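Read off the chains here:
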Amino acid sequence: MPLNRNVLVVGGAGYIGSHTVLALQEAGFNPVVYDNFSSGHRDAVFSDHVVEGELSDHARLSRAMTDHQIGSVVHFAALIEAGQSVIEPLLFYRNNVASTVSLLEAMQAAGVDRLVFSSTAAVYGNQADTGLLHEGLPVQPINPYGQTKAAVEAMLKDTAAASGLKAIALRYFNASGADARARTGERHDPETHLIPLVLQTAAGERDQITVFGTDYPTEDGTCIRDYIHVTDLARGHVAALEKLLSTDEEAGAFTPINLGTGQGYSVSQVIETARRVTNRSFTVVESDRRPGDPSALVSDPSRAHAVLGWRAEHSSLENIITDAWNFMNRGIG
Ligand SMILES: NC(=O)c1ccc[n+]([C@@H]2O[C@H](COP(=O)([O-])OP(=O)(O)OC[C@H]3O[C@@H](n4cnc5c(N)ncnc54)[C@H](O)[C@@H]3O)[C@@H](O)[C@H]2O)c1
C-alpha cells in the first residue's frame with residue numbers, strides 16, 4: 001500500500017511553514033494548511049487545501065484530519081518573539097503549550113501518529129562555552145518562549161512513550177533568507193531578526209541598524225550565530241517526514257534534531273555582506289550588550305546528517321542575504 005502523503009501543516013501560512021509547503025509539494029506530498037492567520041499571510045498559502053482555524057480548536061483540527069485523510073502533521077503554529085514572552089508569559093504558555101495539547105488530542109482522535117514539531121536552539125539557553133551545541137546537552141532555556149518549546153518537547157516525549165506517537169522536534173538555529181524565486185519570504189511584524197532589520201535599513205525603511213555589544217570574546221567583538229537558509233529548513237522537514245513514514249522508525253520514538261550549518265557568522269560579517277549584496281551604504285550604531293545574549297550559538301549538525309541524511313546546501317551568508325533582498329524588493333509589504 002502506498003504511504004499516506006497527506007500532511008496537515010499547522011501554521012503553514014507563516015514564514016517557515018510557507019516554504020515547507022512548497023518543499024513538500026516538490027517532494028510529492030499533499031500539504032493541507034491549517035492556520036488562524038494571526039501572523040501568517042493569505043498570499044503565502046501555496047496549497048489549494050486550507051482550513052482557517054485555531055490550534056486550540058480540537059474538533060476543527062480532528063475534522064480537518066479526517067476530511068483530508070491526513071497521515072502526518074507538521075506543527076509550526078506558535079508565538080515566536082522571545083522579548084514579548086517575558087512580558088506576557090501566560091499568552092505564550094496558552095498558545096504554544098496548552099493549544100498543542102489540543103493538537104495531540106485531535107491527532108489521537110483522528111488516528112494520526114506522526115508529528116514534526118518546530119523547536120528552537122533557544123532550548124539550549126546560554127551554554128555557548130561548551131562549543132558547538134549538540135542534542136546531548138541539557139535543555140535549559142532562559143526565557144518563557146524557550147520554556148514553552150522545551151515543555152512541548154517533554155510532552156511529545158511522554159506522549160510518544162505512552163501512545164506510540166512518532167515525533168521529531170527540529171531545533172532550528174537562525175532561520176533566514178527566502179525562496180529563491182521570491183514566492184515567499186520573511187515578513188514578521190514586529191520584525192526582530194537581524195538580517196531583515198539590516199536589509200530594511202539598507203532599503204531606507206529604517207534610519208540605522210544597532211549592534212548590541214562589540215566586546216564579546218569573538219574575533220570582531222560582535223555576537224556569532226548560525227544562519228540557516230529557510231529553504232534548507234524546509235527540506236529538513238521533508239527529510240523528517242520521510243523518516244517518520246519509513247518502516248525503520250519505531251513507534252514511540254521521540255528525537256530532537258538540530259537544523260543548522262555548524263558555521264557561525266558575526267553580526268559585523270552579516271552587515272558587511274549586506275552592504276556588498278545590496279550595494280547600499282547605511283548607518284550602523286554600536287550599543288551595549290543586551291542581557292541574555294550569548295556570545296556564540298552554533299549548531300553541531302551531525303545528528304541531522306546521520307539520522308535524516310540532511311545537510312544545509314543553500315546557507316552561505318551571501319546566498320541567504322541575496323534571496324532575502326530579492327524577496328524584499330519584489331514589492332509585497
Ligand atoms: N523564525 C525563526 O528564526 C525561528 C527559529 C526557531 C524556531 N522557530 C519556530 O518555527 C515556527 C514558525 O516560525 P515562523 O518564523 O515561521 O513564524 P510565523 O509567525 O511566520 O508563523 C507562525 C504561523 O502560525 C500561525 N499561528 C500562530 N498561532 C496560531 C494558532 N493559535 N492557531 C493557528 N495558527 C496559529 C500564524 O498565523 C503563522 O502563520 C514557530 O513555532 C517558531 O517558534 C522559528
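Our subject in this report is the structure included herewith. As the structure is a computational prediction, the values presented were derived from the model and not from experiment. (Residues numbered from 1 in each chain as written. Predicted model: local features only at pLDDT ≥ 70, side-chain atom pairs only at ≥ 80, totals over all residues. Heavy atoms only, no water.)

## A few points about the environment of Thr 255
Line of reasoning, step 1. With respect to the helices and strands, Thr 255 occurs in strand E11 (residues 254-259).
Line of reasoning, step 2. Thr 255 sits in the buried class, given a relative accessible area of 19%.
Line of reasoning, step 3. Expressed as a C-alpha distance, the spacing of Thr 255 and Ala 13, which sit 242 residues apart in the sequence, is 25 Å.
Line of reasoning, step 4. Apart from the residues within four sequence positions on either side, Thr 255 is in contact with Ala 167, Ile 168, Ala 169, Glu 249 and Arg 303. (Helix = DSSP H or I, 4+ residues; strand = E, 2+ residues; numbered from the N terminus. Buried < 20%, exposed > 50% of the residue type's maximum accessible area, 1.4 Å probe, protein only. Contact = heavy atoms within 4.5 Å.)

## Focus: the sheet that holds strand E14 (residues 296-297)
Line of reasoning, step 1. Strand order in this open sheet of three strands is E12-E9-E14, and the pairing throughout is mixed. Only two strands of the sheet have a single neighbouring strand rather than two, namely strand E12 (265-266) and E14. (Pairing = 2+ DSSP bridges.)

## Side note on the site of the ligand
Line of reasoning, step 1. What surrounds the ligand is a group of 29 residues, the closest being Asp 35, Ser 39, Phe 76, Tyr 145 and Lys 149.
Line of reasoning, step 2. Within the side chain of His 188, an N or O atom sits 2.8 Å from an oxygen atom of the ligand.
Line of reasoning, step 3. Notes on the ligand: free accessible area 830 Å², of which the protein chains cover 97%.
Line of reasoning, step 4. Looking at the shell around the ligand, the elements with two or more residues in it are helix H1 (15-26), strand E5 (114-120) and helix H5 (144-163).
Line of reasoning, step 5. Of all the elements, E5 adds the most residues to the shell around the ligand, at three residues.
Line of reasoning, step 6. Grouping the constituent residues of the shell around the ligand by class yields 13 nonpolar, 13 polar and three charged. (Near = heavy atom within 4 Å. Polar contact = N/O pair within 3.5 Å; in protein donor to acceptor, adjacent residues only side chain to side chain. Areas by Shrake-Rupley, 256 points an atom, 1.4 Å probe, with all protein chains shown as cover. Nonpolar A, V, L, I, M, F, W, Y, C, P; charged D, E, K, R; others polar.)

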